[in-house]
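Structure assessment
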Amino acid sequence: MKTTVLCALLAGASLLMAGCMSPQQTRLYNMKDGSTSELVVDTPSASAGSVSGKLSTGAACHGSFSTLDPANAQKLSSAEVMFTDNAVASVAVLSCDSGTVLRCTLARRSGEGFSYGQCRDQLGGEYSMVF
């Protein structure tokens, strides 16, 4: 009986961890023309990881994100993201084949996937995302 319960607990923990570590997808909305792009965060509950996607033009983008204090995230990024008291902030930078560079600020709760974010490109273009 103890072995069965232990196996069930371990199986449940494995499923929970797999769900936390699965990639998270979002749409990136261009605030000027309404076009949408797709982004994927490989390990959203981690403190750092990779981000990739494709712009609406078809250009592939690759980069990474890192978690930091919300006040520092707002200093590093020109995107204006509101953070609640219990929010965790991350900054992501993506370089795209077209020459576009995106700098994003992302918000989430500790140990969870991302909830929302804002990005700007080097030409001042603004983008919003909701996961």
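Just so it is clear, the model here is predicted, and its values are computed rather than measured.

1. Notes on the overall build of the protein
Counting secondary structure elements, the protein contains two helices and eight strands. Tracing the protein from N to C terminus, the helices and strands come up as α-β-β-β-β-α-β-β-β-β. Expressed as a percentage of the 131 residues in the protein, the buried residues total 34%. Partitioning the intrachain contacts of the protein with sequence separation of at least 6 by distance along the chain shows that 38% fall at a separation of at least 24. By element, 58% of the accessible surface of the protein is carried by carbon and sulfur atoms, the whole surface being about 7600 Å².

2. Quick word on the pairing of strand β7 (residues 114-121)
Across seven bridges, strand β6 (residues 101-109) lies against β7 in antiparallel orientation. Of the residues in β7, the one forming a bridge with T105 is Q118. From the end of β6 to the start of β7, which pair antiparallel, there are four residues, and G111 there has a positive phi angle of about 80 degrees. Bridging between β7 and strand β8 (residues 126-130) involves five bridges; their strand directions are antiparallel. The residue bridging C119 from the neighbouring strand is Y127, located in β8. Between β7 and β8, which pair antiparallel and follow one another directly, the connecting turn spans four residues, one of which, G124, has a positive phi of 95 degrees.

3. Description of the confidence of the model for the protein
Put simply, the protein has an average pLDDT of 83, and 80% of its residues get 70 or more. Element-level pLDDT for the protein is lowest in helix α1 (residues 2-21), with a mean of 44, against a maximum mean of 97 in strand β3 (residues 48-54). Across residues 3-19, confidence stays below pLDDT 50; counting only partners more than four residues off in sequence or on other chains, it has zero contacts.

4. Some remarks on the environment of V93
Within the secondary structure layout, V93 lies in strand β5 (residues 87-96). Residue class for V93 comes out partly exposed when judged on its relative accessible area of 39%. Remark: the alpha-carbon pair of V93 and R103, spanning ten residues in sequence, is separated by 4.6 Å. Those residues within four positions of V93 in sequence are excluded, and the remaining contacts are H62, G63, S64, V101, L102 and R103.

5. Overview of the packing of aromatic side chains
Counting across every chain of the model gives two aromatic pairs. Taken together, the aromatic side chains of F65, F114 and F131 make up a single cluster linked through ring pairs. Taking NZ or CZ as reference, R108 lies 5.4 Å from the ring centre of F114, over its face.

6. Description of empty space enclosed by the protein
For the structure on display, the rule yields one cavity of 30 Å³ or more. Taken as a whole, the largest cavity spans an internal volume of roughly 30 Å³. Surrounding the largest cavity, T26, L39, V41, V51, A92, L94, C104, L106, M129 and F131 form its lining. Listing elements by their share of the lining of the largest cavity, those giving two or more residues are β2 (36-41), β5 and β6. Of the residues contributing to the lining of the largest cavity, the split by class is nine nonpolar, one polar and no charged.

Calculation notes
Residues numbered from 1 in each chain as written. Predicted model: local features only at pLDDT ≥ 70, side-chain atom pairs only at ≥ 80, totals over all residues. Heavy atoms only, no water. Helix = DSSP H or I, 4+ residues; strand = E, 2+ residues; numbered from the N terminus. Buried < 20%, exposed > 50% of the residue type's maximum accessible area, 1.4 Å probe, protein only. Contact = heavy atoms within 4.5 Å. Areas by Shrake-Rupley, 256 points an atom, 1.4 Å probe, with all protein chains shown as cover. Pairing = 2+ DSSP bridges. pLDDT = per-residue confidence, 0-100. Phe/Tyr/Trp six-rings, centres within 6.5 Å; stacked < 30°, edge-to-face > 60°. Lys NZ or Arg CZ within 6 Å of the ring centre and 35° of its normal. 1 Å grid on protein atoms, 1.4 Å probe; cavity = no way out; pocket = protein on both sides within 12 Å on 5 of 7 lines; lining within 4 Å. Points joined across faces, edges and corners; volume = space filled by probe spheres on them. Nonpolar A, V, L, I, M, F, W, Y, C, P; charged D, E, K, R; others polar.

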